[in-house]
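Here's the letter readout for the chains.
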Amino acid sequence: MSSRISSGLGIGVIIAVAAAGIGGGYFYVSQAQKQFSEEESEMPESAISTYLENIRTRSYDQIYQDSLIIAPHLNSESDYVAKLEEIYSGISISSIEYAPDNTDTSKYRLYSNKKYLSTLDLVKASDGRWLASTEFSGDQNYTVEVPTGLGIEVNGLPVDSSYMTAENTVASNFTQITNQSNAPHVDTYTFKNLLGKPEIAVTGNSSYTTLQDVLSDTLFIGKVSNEADLATQFTNAAVTLASYPTRDGSLGDIANICITDSEFYSRLSSLQNTWFSDHGTSSFSNVTASDIIQQSDDTMVGYVTFDYYAANSEVDRTWHGGYQLSFMRVNGAWKLAGMGIDNELNPAKEAIPTQN
């Protein structure tokens with residue numbers, strides 16, 4: 001297995017050698033080499049030479065731009081470049097060989113010292129040049145829920161309706177409530193085989209941002225909220241929720257802040273709280289709301305973290321909690337419509353012991 005040398009390259013070498021013995025032959029050689037360059041650019045293998053030269057000079061931006069022409073994708077340039085560096089780190093370009101893929105004549109496999117590196121996809125551009133792009137896909141899939149009717153960009157690239165998998169449906173974090181008349185409606189997009197978490201932007205409107213659902217690979221889109229009174233709703237609800245399993249609060253307290261006609265509340269009301277030890281001392285600290293977005297004027301979702309301390313005569317301990325809470329305005333009051341628990345949100349989270 002070895003690199004293929006095109007016949008055009010052989011002709012170019014012969015011309016150059018012959019010209020060395022001919023006085024005043026520079027113009028002729030220059031014209032011949034220019035002609036060869038133009039002819040070689042029309043050969044599929046020329047794309048591989050250009051690709052490897054870009055790798056050698058670390059012209060990753062050019063490789064990324066070529067990849068968008070060859071097989072349009074939604075990976076960011078930073079994620080794409082990181083993957084290229086992962087593949088070619090420590091590899092000498094002079095050691096790379098290529099061979100046609102047995103299953104597709106437009107693809108070539110790259111090797112270094114007989115070790116497989118990657119597969120290149122070769123495509124002829126509209127200007128007649130052959131381009132090569134690394135054929136790899138990530139293992140990250142994301143669902144994005146966008147307020148109905150808004151357009152989005154992913155990693156700076158415009159997204160069309162071909163990625164839309166549902167239109168004008170209730171946002172997934174509000175499907176547990178029975179009365180969904182005030183629930184936000186969204187258009188759902190699905191993006192597969194990404195190399196990293198995508199950057200999502202609403203076209204032409206910078207007031208929107210993204211929130212990662214703690215229970216899935218869904219990204220919620222909503223308007224950024226920095227209102228203190230909304231943040232207070234989150235912190236107060238978190239304390240109320242966390243107080244019930246520790247028996248510092250009652251089920252009635254939870255009912256006062258929740259939409260009770262919901263699957264969410266049904267699960268909370270059946271939660272057993274007899275397991276928590278009796279304690280004479282308890283307190284909450286560092287209760288902080290963050291990343292609040294409004295999916296509509298009457299709904300909001302965000303994170304809240306807290307530390308809870310409890311002690312009795314035998315033991316004392318601090319728990320570091322994290323919730324994702326979804327609220328809906330009902331008859332003028334904010335009511336809890338759903339939650340997810342993720343203690344990893346808390347910066348003081350307890351490290352998971354490593355196993356030797």
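Cut-off values and rules
Residues numbered from 1 in each chain as written. Predicted model: local features only at pLDDT ≥ 70, side-chain atom pairs only at ≥ 80, totals over all residues. Heavy atoms only, no water. Axes fitted to C-alpha atoms, helices over the stretch in contact; angles between N-to-C directions. Helix = DSSP H or I, 4+ residues; strand = E, 2+ residues; numbered from the N terminus. Parallel < 35°, antiparallel > 145°, perpendicular 65-115°, else oblique. Left-handed = near helix turned anticlockwise from the far one by under 90°. Contact = heavy atoms within 4.5 Å. Pairing = 2+ DSSP bridges. Phe/Tyr/Trp six-rings, centres within 6.5 Å; stacked < 30°, edge-to-face > 60°. Buried < 20%, exposed > 50% of the residue type's maximum accessible area, 1.4 Å probe, protein only. 1 Å grid on protein atoms, 1.4 Å probe; cavity = no way out; pocket = protein on both sides within 12 Å on 5 of 7 lines; lining within 4 Å. Points joined across faces, edges and corners; volume = space filled by probe spheres on them. Nonpolar A, V, L, I, M, F, W, Y, C, P; charged D, E, K, R; others polar. Salt bridge = Lys/Arg side-chain N within 4 Å of Asp/Glu carboxyl O.

Points about the packing of helix α4 (residues 60-70) against helix α5 (residues 77-88)
Next, step 1: For the pair α4 and α5, interaxial distance at closest approach is 10 Å and the crossing angle is 115°. As the angle between them shows, α4 and α5 are arranged roughly perpendicular. Crossing hand, α4 versus α5: right-handed. Contacts between α4 and α5 involve Tyr 60, Asp 61, Ile 63, Tyr 64, Gln 65 and Ser 67 from the first element and Glu 77, Tyr 80, Val 81, Leu 84 and Glu 85 from the second.

Details of the sheet that holds strand β10 (residues 200-202)
Next, step 1: Judged by pairing direction, the sheet is antiparallel, and its three strands sit side by side in the order β7-β6-β10 without closing on themselves. Two strands in the sheet have a free side with no partner beyond their single neighbour: β7 (157-158) and β10.

Quick look at the packing of aromatic side chains
Next, step 1: In this structure the tally under the stated criterion is 11 aromatic pairs.
Next, step 2: Ring geometry for Phe 284 against Tyr 308: centres 4.9 Å apart, planes inclined by 50°, an arrangement best described as tilted. Taken together, the positions of Phe 284 in strand β13 (residues 281-296) and Tyr 308 in strand β14 (residues 299-311) put the pair 24 residues apart, joining distant regions of the chain.
Next, step 3: Accessibility expressed as a relative area gives 25% for Phe 284, which makes it partly exposed.
Next, step 4: Between Phe 306 and Tyr 323, the aromatic rings sit 5.1 Å apart at their centres with planes inclined by 65°, giving edge-to-face as the arrangement. Highlighted residues: Phe 306 in strand β14 and Tyr 323 in strand β15 (residues 316-330), separated in sequence by 17 residues. There is no split in this pair, since Phe 306 and Tyr 323 are both buried.

A look at helix α3 (residues 44-56)
Next, step 1: Taken together, the buried positions of α3 are Glu 45, Ser 46, Ala 47, Ile 48, Tyr 51, Leu 52, Asn 54 and Ile 55.
Next, step 2: The first or second residue beyond α3 is Arg 58, which carries a positive phi of 60°.

Structural notes on the sheet that holds strand β2 (residues 107-112)
Next, step 1: Strand order across the open sheet formed by four strands is β1-β2-β3-β4, with antiparallel pairing between neighbours. A single partner strand is all that each edge strand has here, and the edge strands are β1 (96-100) and β4 (130-134). On average, adjacent strands in this sheet sit at an angle of 35° to one another, irrespective of strand direction.
Next, step 2: In this structure, strand β3 (residues 115-124) lies alongside β4, joined through five bridges in antiparallel fashion. Within the sheet, the bridge partner assigned to Lys 124 lies in β4 and is Trp 130.
Next, step 3: On the sheet, α4 packs against β3 and β4 and is oriented at approximately 100° with respect to β4.

Quick notes on unusual backbone geometry
Across residues other than glycine, the phi torsion is negative in most instances, and most of the peptide bonds are trans.
Next, step 1: Positioned with a positive phi, Asn 193 is a non-glycine residue whose angle comes to about 60°.
Next, step 2: Tracing the backbone through its elements, the reader meets Asn 193 in strand β9 (residues 185-194).
Next, step 3: By relative accessible area, which is 41% here, Asn 193 ends up partly exposed.
Next, step 4: The backbone of Arg 247 shows a phi angle near 65°, a positive value even though the residue is not glycine.
Next, step 5: Among the secondary structure elements, Arg 247 is positioned in the loop between α6 (228-243) and α7 (251-257).

Digging into empty space enclosed by the protein
Next, step 1: Considering all chains together, one arrives at one cavity of 30 Å³ or more under this definition.
Next, step 2: Roughly 50 Å³ of internal volume is contained in the largest cavity.
Next, step 3: What lines the largest cavity is simply Ala 47, Thr 50, Tyr 51, Asn 54, Ile 63, Asp 66, Trp 130, Leu 131 and Ala 132.
Next, step 4: Sorting the residues of the lining of the largest cavity by element identifies α3, α4 and β4 as the ones contributing at least two each.
Next, step 5: Here the lining of the largest cavity takes four residues from α3, the largest share from any one element.
Next, step 6: When the residues that make up the lining of the largest cavity are grouped by side-chain class, the tally is six nonpolar, two polar and one charged.

Overview of the pattern of salt bridges
Next, step 1: Throughout the structure, instances matching the rule amount to eight salt bridges.
Next, step 2: For Lys 107, the salt bridge goes to Asp 121, with nearest N and O atoms at 3.6 Å. Remark: Asp 121 occurs in strand β3 and Lys 107 occurs in strand β2; sequence separation between them is 14 residues.
Next, step 3: A salt bridge links Arg 329 to Asp 298; its shortest N-O distance comes to 3.0 Å. One end of the pair, Arg 329, is in strand β15; the other, Asp 298, is in the loop between β13 and β14, with 31 residues separating them in the sequence.
Next, step 4: Accessibility expressed as a relative area gives 29% for Arg 329, which makes it partly exposed.
Next, step 5: A relative accessible area of 29% places Asp 298 in the partly exposed class.
Next, step 6: Several salt bridges converge on common partners, so that one network encompasses Lys 107, Asp 121 and Glu 135.

Structural measurements only, silent on function.
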